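Given next are the chains, with one letter for each unit.
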Amino acid sequence: MPDPVTREDRRWSLWAGVIVAGVLTFSLLVGFVVLPLAQAPNANLDAWTAICRAVGLQPGTPAQPQPPVSATAAPVSQVRWTPATLQILDAADLRPGAALASAVCADCHGAEGFSTSADVPQLAGQSAPVIYKQLTDYRSGARAHPQMTDVAKALTEVQLAQIAAYYAGYRKHDALGRSQELPSDPIARLAHRGDPSRGLAPCESCHARASGGPPEAPILTGQRADYLVSQMKAFKTGQRRNDVYRRMRDVAGALTDDEIARLGQFYQGVY
Amino acid sequence: MPINRRLILAHFWLAFVVFAAACALGVWQMWVRSPLAAPQDVPERYYQSVTAHGVSMAYVLTTFFIMGFGYFVAETALKRELPGKTWAWAAYGIAVVGVLMTVMSIAAGQASVLYTFYPPMTATIWFYVGLVLVVVGSWIWCALMLVAMARFKRDNPGVPVPLAMYATVANAVMWLWTTVGVAAEILFQIIPAVMGWTQTIDVGLSRTLFSWTLHAIVYFWLLPAYIAFYTMAPRAAGGRLYSDTMGRLSFVLFLLYSLPVGMHHLFMDPEHSTGFKFVQMSLTALVSIPTLLTVFTISASLELAGRLRGGKGLLGWIRALPWDRPMVLATGLAFFMLWFGGGGGLINMSYGMNAMIHNTSWVTAHFHLIFGGTVILMYFAIAYEIWPSLTRQPFRSATLQRFQLWLWAVGMMVMTIPWHFLGLQGQWRRVATFDYSDPRISAWGPWVVVSLVGGVMLLVSALLFVWILIPKRYSPAPAPAPTYAFALAVHPPHRVPAALNGFFLWNILVAVLMVAAYGFPILQFFMGDAPQAVIHRLSGG
């Protein structure tokens, strides 16, 4: 038999409700009315705008706008990782990609992405966003190369994504990976741990499969040493500039030529 | 003696073994952050270890301990057999499978996203599925607690539900509310991202949903400590509980004001307006009411006990208390740390002051002091208190237990005081390495080493705790232990208002508060084009 509801029980419900409602009303009043009204004059806002901002119906902070800068920054790379870009990559069809690869890319990069020359990068198992970004940069002029610029300009955006998806599909065996033990060797240490005294993050914090780094960071394991060295030097001298937020120019600038040479060997897997 | 002692012991043992392992990881993490050369000093390992430490402490230790303790309370406080024993074992099995999945994902280096997930990073699907299974196990536990209380009320009309059980059910109800946020985040945002169904994720929404869970979960961990304060400590001290009603009121206030307050973790986030941050801050401030009610009630209860034992004068009763009993000692030490941790918490929850310490070591120090200090210390005391009735073997002496409790309390202070200090200096958290050769931070080095010393003390204490609990060969022969008895109130209740004997009214009020505090902040993400973040997959390599 359920307990009969007594007057005392009703009183409890009533007062609990009243107290909770009172507390809530107090916070709503202070948070949405009193504080915005008190602070509105300092921010040159009218009362209604201040209340709307406090509720979140109008965006932004009440801070004064900064004087505009006349120079417009020109981004080096035109690639932005928007949902639309990711959608193009996600929807890329491998079959036309394979046909294009064998017709256009295979002479230098190999039909399955294993390059024939030491200064031509391996593409097998490289991530699709990486290949896509470099091709797009060649197309926009953010990166330049005697052959690649013309090749990329002759293809559409969707075709670039198809080629990227095709080569990304070849998973090569990673000779070195994220789960490597830390050797005492200074170059391996640079790759796994970085060098805080020079502000160098570990290479692996971006350049490993599933590192969670930026999408445009290539997987380096198994890449050709000559190619890696030439690119790091190009970043160091500023000859190559299509790295987002100039990350690689800063990193390469802090490395010695000897370290660059040995990092190239390390990632090729022959160090 | 509980009939389901195997069930309860299975929960406790899993919790404590994982706890000891997580303590060892914690020490290594402090070591890596210190200027001393540590083995395996790689950032990647550090984040892997932090994930394992956080998941073990926050999800495994707590959930299993609370479930085991709940079963114990349901049997001993209600003096009835536990309903759905098979369900309870099934829940245990599901949760164990979940733990194995999660641990293996982390060990494989596929889930270094920390226990708070941090989208747009994503781990392997098995990590999330494992955690979901742990939560599903705990939901079954919640249902069993609710059924146990309902059957007691059905068979004993008009009789108040014993305080220990009422508080346990308050925790179960709170947990059901709490897990809604994180469950929504995992099911509707993270799993689609991990499976590749979506390429971007709305991080503002996921942080909001996680904040729904993030503060209340802390009270889920804390309430067993409060249950021990109210229903175990007064009796252990040789007295009675000062007021049963105060206890009930405290637990319902925790239920009310632990949920609509999570946005105080997002004070520095841009996705919410100042008004809602203020509302949730002011509701957070109300959590101090049940805390202070408890401090008052338990102090009064202990004063009664002290005076019964011959204590005189204004403070003489404190000296007269039986501090040689682990439960009394742990209560005293836990209260001491609650002052420091609670004081730090008031700074964290203040909209303005939060800016000083946001994302610094201060925050890490705060939650280690409250959770590692107050809560875990009381978990130890609860284990010591009920172990003889579970194993049928009384402890030979309490000396080692007292030493273990002191070592833990001192170790926690030694570890967290430098952290608080360094937080005020601006030392950032969630960072694997520091360049101590940089003159701007080189002075931090010695303080981090002091923290490491505290960490080592904690590890020794944790291992000692597990060792004390292991049944010894030289222990006295098993004897039927007396039934465990909870503390009685000075005036045991004969009839309590329906509001303090059930949760109907409080659930309605929680719903009202949650709609007010989280309604628009969540709705706004669906009103326009919320910015999306690219998913960063940390698994598959």
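As the structure is a prediction and not an experimental result, all values here were calculated from the model.

Draft legend 1. Main features of the overall build of chain A. Each helix and strand in chain A was counted, giving 11 helices and zero strands. Helices (α) and strands (β) of chain A occur, in sequence order from the N terminus, as α-α-α-α-α-α-α-α-α-α-α. Counting contacts in chain A only where the partners sit at least 6 residues apart, residues at least 24 apart contribute 61% of the total.

Draft legend 2. Inspection of the overall build of chain B at higher detail. Scanning chain B for helices and strands turns up 17 helices and four strands. For 541 residues, the compact-globule estimate of 2.2 N^0.38 gives 24 Å, and the C-alpha radius of gyration of chain B, at 23 Å, lies within 12% of that figure. Dimensions of chain B, computed from C-alpha atoms along their principal axes, come out at roughly 60 × 50 × 45 Å. Taking all 541 residues of chain B together, the buried fraction comes to 54%. Contacts in chain B between residues far apart in sequence, at least 24 positions, make up 85% of those at least 6 positions apart.

Draft legend 3. Expanded view of the nonpolar core. Within the largest apolar cluster, 202 residues are counted, with the highest numbers of intra-cluster contacts made by Ala170, Leu377 and Phe380 of chain B. Ignoring any residue separated from it by four or fewer positions in sequence, one finds Ala170 of chain B in contact with Phe251, Val252, Phe254, Leu255 and Phe503 of chain B. One finds Cys105, Tyr132, Ala164 and Tyr167 of chain A within the second-largest nonpolar core, a separate group that totals 19 residues.

Draft legend 4. Expanded view of the interface of chain A and chain B. With 43 residues of chain A at the contact, the number on the chain B side is 42 residues. For the side of chain A that touches chain B, the elements supplying multiple residues, two or more each, are α1 (7–39), α2 (47–55), α3 (83–90) and α8 (186–193) of chain A. For the side of chain A that touches chain B, the element with the most residues is α1 of chain A, which contributes 15 residues. When grouped by side-chain class, the residues that make up the side of chain A that touches chain B number 22 nonpolar, 12 polar and nine charged.

Draft legend 5. Inspection of unusual backbone geometry at higher detail. For the bond running from Pro119 of chain B to Pro120 of chain B, omega is 15°, close enough to zero to count as cis. Relative to the assigned elements, Pro120 of chain B resides in the loop between α3 (85–107) and β1 (121–122). One non-glycine residue, Asn44 of chain A, adopts positive backbone phi at about 60°. Mapped onto the elements, Asn44 of chain A comes out in the loop between α1 and α2.

Draft legend 6. Highlighting the environment of Ala98 of chain A. Mapped onto the secondary structure, Ala98 of chain A falls in helix α4 (residues 94–109). C-alpha of Ala98 of chain A to C-alpha of Tyr166 of chain A: the two residues are 68 residues apart in sequence and 5.8 Å apart in space.

Draft legend 7. The packing of helix α4 (residues 125–155) of chain B against helix α5 (residues 163–194) of chain B, seen in detail. All names here are of chain B. For the pair α4 and α5, interaxial distance at closest approach is 9 Å and the crossing angle is 155°. Relative to α5, the element α4 is oriented roughly antiparallel. As for the relative orientation of α4 and α5, their crossing is left-handed in sense. Judged by residue contacts, Ile125, Tyr128, Val132, Val135, Ser138, Cys142, Met145, Leu146 and Met149 of α4 engage Met165, Thr168, Val169, Ala172, Trp175, Leu176, Thr179, Ala183, Ile186, Ile190, Ile191 and Val194 from α5. Its residues assigned to classes, the contact of α4 with α5 shows 18 nonpolar, three polar and no charged.

Draft legend 8. Structural detail: the packing of helix α2 (residues 43–78) of chain B against α5 of chain B. All names here are of chain B. Remark: α2 packs on α5, axes separated minimally by 9 Å, with the N-to-C direction vectors making an angle of 145°. Handedness of the crossing formed by α2 with α5: left-handed. Across the interface between the two elements, Ile66, Gly70, Val73, Ala74, Ala77 and Leu78 of α2 pack against Ala164, Met165, Thr168 and Asn171 of α5. Here the residues of the contact of α2 with α5 are counted per class, giving seven nonpolar, three polar and no charged.

Draft legend 9. Fine view of the domain arrangement of chain A. Residues and elements named next belong to chain A. When its domains are assigned, chain A resolves into domain 1 (31–57), domain 2 (81–172) and domain 3 (174–271). Look at where the C-alpha atoms of domain 2 and domain 3 centre, and you get two points 21 Å apart. Counting from both sides, the interface comprises 17 residues of domain 2 and, opposite them, 12 residues of domain 3. Across the side of domain 2 that touches domain 3, the residue classes tally to seven nonpolar, five polar and five charged.

Draft legend 10. Representation of helix α16 (residues 444–469) of chain B. Taking 1.5 Å of rise per residue, 26 residues should cover 38 Å, and α16 of chain B covers 38 Å from first to last C-alpha, within 8% of that figure. Where the residues of α16 of chain B are buried, they touch α1 (5–33), α14 (361–391) and α15 (399–425) of chain B.

Draft legend 11. Structural detail: the environment of Gln268 of chain A. All names here are of chain A. Tracing the chain through its elements places Gln268 in helix α11 (residues 257–268). Take Gln268: there are 22 C-beta atoms within 10 Å of it, and that puts it in the buried class. Residues Gln268 and Ile131, spaced 137 residues apart in sequence, show a C-alpha to C-alpha distance of 19 Å. Setting aside chain neighbours within four positions, we find Gln268 in contact with Gly222, Gln223, Arg224 and Ala225.

Draft legend 12. Structural context of the environment of Ala225 of chain A. In this fold, Ala225 of chain A is placed in helix α9 (residues 225–237). The residues touching Ala225 of chain A, leaving out its near neighbours within four places in the chain, are Gly264, Gln265 and Gln268 of chain A.

Conventions and cut-offs
Residues numbered from 1 in each chain as written. Chains lettered and ligands numbered in written order. Predicted model: local features only at pLDDT ≥ 70, side-chain atom pairs only at ≥ 80, totals over all residues. Helix = DSSP H or I, 4+ residues; strand = E, 2+ residues; numbered from the N terminus. Contact = placed C-beta atoms within 7 Å. Rg over C-alpha atoms; globule rule 2.2 N^0.38 Å. Buried ≥ 20, exposed ≤ 12 C-beta atoms within 10 Å, placed from the backbone. Core = buried A, V, L, I, M, F, W, Y, C linked by C-beta atoms within 7 Å. Nonpolar A, V, L, I, M, F, W, Y, C, P; charged D, E, K, R; others polar. Axes fitted to C-alpha atoms, helices over the stretch in contact; angles between N-to-C directions. Parallel < 35°, antiparallel > 145°, perpendicular 65-115°, else oblique. Left-handed = near helix turned anticlockwise from the far one by under 90°. Domains from an automatic or database assignment. Expected span 1.5 Å × (residues − 1).

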